[in-house]
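Working through the structure, step by step
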Amino acid sequence: MRINIKIDGKGFPLIINNEDEERYRIAAKRVNEVVLKFREQFGERDSSDILAMAAFQIALNSNELQQQNDRTLFIEELKNLNDDISDFLKEKKKR
């Protein structure tokens, strides 16, 4: 499927799978929201500066989400390990 995504007013034609269209459009909307925030904050600076700051902000947010996900997975593994140890100790007591 062909779609046209606009980032900071510039069109980008893309070929994507039909099931991915919503993700692409949501991502483009998010990028444009971040760009607009920086435009409001820094005025009419060069587009490449605004886009670079937006890319950095989005990458930083992505990194923070990844770290939260890593912590969540680690905590889940600790809980599973704790459950396994508890089960082992219960079985040992029965013997």
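Up top is the structure these notes are about.
The structure reproduced in this document is the subject of the present report. (Residues numbered from 1 in each chain as written. Predicted model: local features only at pLDDT ≥ 70, side-chain atom pairs only at ≥ 80, totals over all residues. Heavy atoms only, no water.)

Check the secondary structure of the protein chain and you find two helices and two strands. In sequence order, the secondary structure elements of the protein chain are arranged as β-β-α-α. The C-alpha atoms of the protein chain give 23 Å as radius of gyration, which overshoots the globular expectation for 95 residues (12 Å, by more than 25%). C-alpha atoms of the protein chain, sized along the principal axes, occupy 75 × 35 × 15 Å. Of all 95 residues assigned to the protein chain, the portion counted as buried reaches 14%. Nonlocal contacts in the protein chain, meaning residues at least 24 apart in sequence, comprise 21% of its contacts between residues at least 6 apart. In the structure as shown, the protein chain presents an accessible area of about 8000 Å², 54% of it carried by carbon and sulfur atoms. Looking at the protein chain, you have 17 positive and 18 negative side-chain charges, and the mean spots of the two groups are 3 Å apart. (Helix = DSSP H or I, 4+ residues; strand = E, 2+ residues; numbered from the N terminus. Rg over C-alpha atoms; globule rule 2.2 N^0.38 Å. Buried < 20%, exposed > 50% of the residue type's maximum accessible area, 1.4 Å probe, protein only. Contact = heavy atoms within 4.5 Å. Areas by Shrake-Rupley, 256 points an atom, 1.4 Å probe, with all protein chains shown as cover. Lys, Arg positive; Asp, Glu negative; His and termini not counted. Charge placed at Lys NZ, Arg CZ, Asp CG, Glu CD.)

Moving on, we get to the packing of aromatic side chains. Scanning the model with the defined rule gives one aromatic pair in all. The ring of F38 has K37 sitting right over it, with the charged end atom 5.0 Å from the ring centre. Above the face of the F42 ring, R45 is positioned so that its terminal group lies 5.7 Å from the ring centre. (Phe/Tyr/Trp six-rings, centres within 6.5 Å; stacked < 30°, edge-to-face > 60°. Lys NZ or Arg CZ within 6 Å of the ring centre and 35° of its normal.)

Across the six residues that make up strand β2 (residues 10-15), only a small minority, zero, are buried. Hairpin connection between strand β1 (residues 2-7) and β2: a loop of two residues separates the two successive antiparallel strands, and D8 in this loop has a positive phi of roughly 55°. (Pairing = 2+ DSSP bridges.)

The geometry of helix α1 (residues 21-42) relative to helix α2 (residues 47-94) is characterised by a closest axis approach of 9 Å and an angle of 125° between their N-to-C directions. Considered as vectors, α1 and α2 are oriented oblique to each other. The crossing of α1 and α2 is right-handed. Where α1 abuts α2, its residues R30, V31, V34, V35, K37, F38, R39 and F42 lie against S47, I50, L51, M53, A54, Q57, I58 and N61. (Axes fitted to C-alpha atoms, helices over the stretch in contact; angles between N-to-C directions. Parallel < 35°, antiparallel > 145°, perpendicular 65-115°, else oblique. Left-handed = near helix turned anticlockwise from the far one by under 90°.)

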